[in-house]
Amino acid sequence: MNSARLTGGFFTRDVLEVAPDLLGKNIVVKKKDAEARCRITEVEAYRGEDDLACHASKGKTARNYIMYEHGGFIYVYFIYGMYWMLNVVTGPAAEPQAVLIRAVEGFAGPGKLTRELGIDRSFYGENLEKSARIWVEEGPLQGSVATGHRIGIDYAGEYWMTRPWRYFIV
DNA sequence: AGCAAGATCGGT
DNA sequence: CCGATCTTGCTG
């Protein structure tokens, strides 16, 4: 039925491979009777406990434990008192990595796209390979991939702040 | 129990 | 540039 749905093998690779590969793919969210299907246009990679910008930099907590699972799960968290951030867990188990979805076609901004798609806490831990309400579908990459530094993580220090781990379509 | 900070956004 | 708004994790 959903032959184009991406499966586990896509997500269990290193986050620095998965993040750019997600560009052009479609995030699908089922709402009531309709399906919202949006092309991913901008993402950021967060990679392991060494990465001071990654939520796992201080070890496993009640908030981030899903990042320690193998790739393919959804990690959502609430920030600034009003926005939900949508992330895709990547890599093998016990290596905390995730891709933040920063923009999709039509909705630029990680807080705005979750509001539009209706993503909230209830999506925490959803399995993209099996979930009936959220998954990722194959899609062509139109344009080329550009990189840049990650946004809003100045607290992580010069080195991590300047990793070119934001990827977007131009 | 209290507090400071935050992977944002929209209005000055 | 600044405030909104509240969960989380750390400190005591």
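Our subject is the structure listed above.
In this text, all values refer to a predicted model and were calculated from it rather than measured experimentally.

Caption draft 1: Region of interest: the overall build of chain A. Scanning chain A from terminus to terminus reveals 4 helices and 9 strands. Put simply, chain A runs from its N terminus to its C terminus through helices and strands in the order α-α-β-β-β-β-β-β-α-β-β-α-β. Its C-alpha atoms give chain A a radius of gyration of 15 Å, within 12% of the compact-globule value 15 Å for 170 residues. Counting all 170 residues of chain A, 52% fall into the buried class. The contacts in chain A between residues at least 6 apart in sequence include a share of 59% that link residues at least 24 apart. Working note: accessible area of chain A is about 8200 Å², and carbon and sulfur atoms make up 53% of it.

Caption draft 2: Main features of the protein's contact with DNA strand B. Taken together, 21 residues lie near DNA strand B, and H55, Y77, Y83, N87 and Y155 sit nearest. By atom count, sugar and phosphate contribute 57% of the portion of DNA strand B lying within 4 Å of the protein. Side-chain polar atom of Y77 to a base nitrogen of DNA strand B: 3.1 Å apart, as the coordinates give it. Between DNA strand B and the protein, one listed contact pairs a phosphate oxygen with a backbone N or O atom of K112 at 3.5 Å. At the level of elements, strand 3 (74-79), strand 4 (83-89), strand 5 (97-104) and helix 3 (110-117) are the ones that each hand at least two residues to the surface near DNA strand B. Per-class residue counts for the surface near DNA strand B are 12 nonpolar, 6 polar and 3 charged.

Caption draft 3: Looking closely at the pairing of strand 3. Both strand 3 and strand 4 contribute to a ladder of 6 bridges, which runs antiparallel. Paired with Y75 across the two strands is N87, which belongs to strand 4. Connecting strand 3 to the next strand, strand 4, in antiparallel fashion are 3 residues, including Y80 with a positive phi near 55 degrees.

Caption draft 4: Region of the structure containing the protein's contact with DNA strand C. Taken together, the residues surrounding DNA strand C are T61, A62, R63, F78, Y80, G81, M82 and R121. Restricting the count to atoms of DNA strand C within 4 Å of the protein gives a sugar and phosphate share of 68%. Measuring from a phosphate oxygen of DNA strand C, one finds a side-chain N or O atom of T61 at 2.3 Å. One of the backbone nitrogen or oxygen atoms of G81 is found 3.5 Å away from a sugar or linking oxygen of DNA strand C.

Caption draft 5: Inspection of the environment of I119 at higher detail. Relative to the helices and strands, I119 is located in the loop between helix 3 and strand 7 (134-137). Setting aside residues no more than four positions away along its own chain, I119 makes contact with V29, V76, W84, L86, T114 and I134.

Caption draft 6: Looking closely at the packing of aromatic side chains. The final tally for this structure, using the stated rule, is 7 aromatic pairs. The interplanar angle of 35 degrees and the centroid separation of 5.4 Å between the aromatic rings of Y75 and Y77 together place this pair among those described as tilted. Like Y75, the residue Y77 is buried in the burial classification. Cation over ring: R63 sits above Y77, and NZ or CZ is 5.4 Å from the ring centre. The cationic tip of R150 hangs over the ring face of Y46; the distance from NZ or CZ to the ring centre is 4.8 Å.

Caption draft 7: Layout of a nonpolar patch on the surface. On the surface, F78, Y80, M82 and Y83 cluster together to form a nonpolar patch covering roughly 470 Å² of accessible area. Given the relative accessible area of 64%, Y80 is considered exposed.

Caption draft 8: Spatial organisation of the nonpolar core. The biggest cluster of nonpolar side chains holds 49 residues, and the ones touching the most others in it are F11, L22, I27, L86, I101 and I134. Here the element with the most residues in this core is strand 2 (residues 34-47); it accounts for 6 residues. Not counting residues within four places of it along the chain, the set of residues in contact with I101 comprises L22, I40, E42, V43, L86, V88, P110 and L113.

The rules behind the values
Residues numbered from 1 in each chain as written. Chains lettered and ligands numbered in written order. Predicted model: local features only at pLDDT ≥ 70, side-chain atom pairs only at ≥ 80, totals over all residues. Heavy atoms only, no water. Helix = DSSP H or I, 4+ residues; strand = E, 2+ residues; numbered from the N terminus. Rg over C-alpha atoms; globule rule 2.2 N^0.38 Å. Buried < 20%, exposed > 50% of the residue type's maximum accessible area, 1.4 Å probe, protein only. Contact = heavy atoms within 4.5 Å. Areas by Shrake-Rupley, 256 points an atom, 1.4 Å probe, with all protein chains shown as cover. Near = heavy atom within 4 Å. Polar contact = N/O pair within 3.5 Å; in protein donor to acceptor, adjacent residues only side chain to side chain. Nonpolar A, V, L, I, M, F, W, Y, C, P; charged D, E, K, R; others polar. Pairing = 2+ DSSP bridges. Phe/Tyr/Trp six-rings, centres within 6.5 Å; stacked < 30°, edge-to-face > 60°. Lys NZ or Arg CZ within 6 Å of the ring centre and 35° of its normal. Patch = residues over 30% accessible without salt bridge, like charges linked within 9 Å, V, L, I, M, F, W, Y side chains within 5 Å. Salt bridge = Lys/Arg side-chain N within 4 Å of Asp/Glu carboxyl O. Core = buried A, V, L, I, M, F, W, Y, C linked by side-chain atoms within 4.5 Å.

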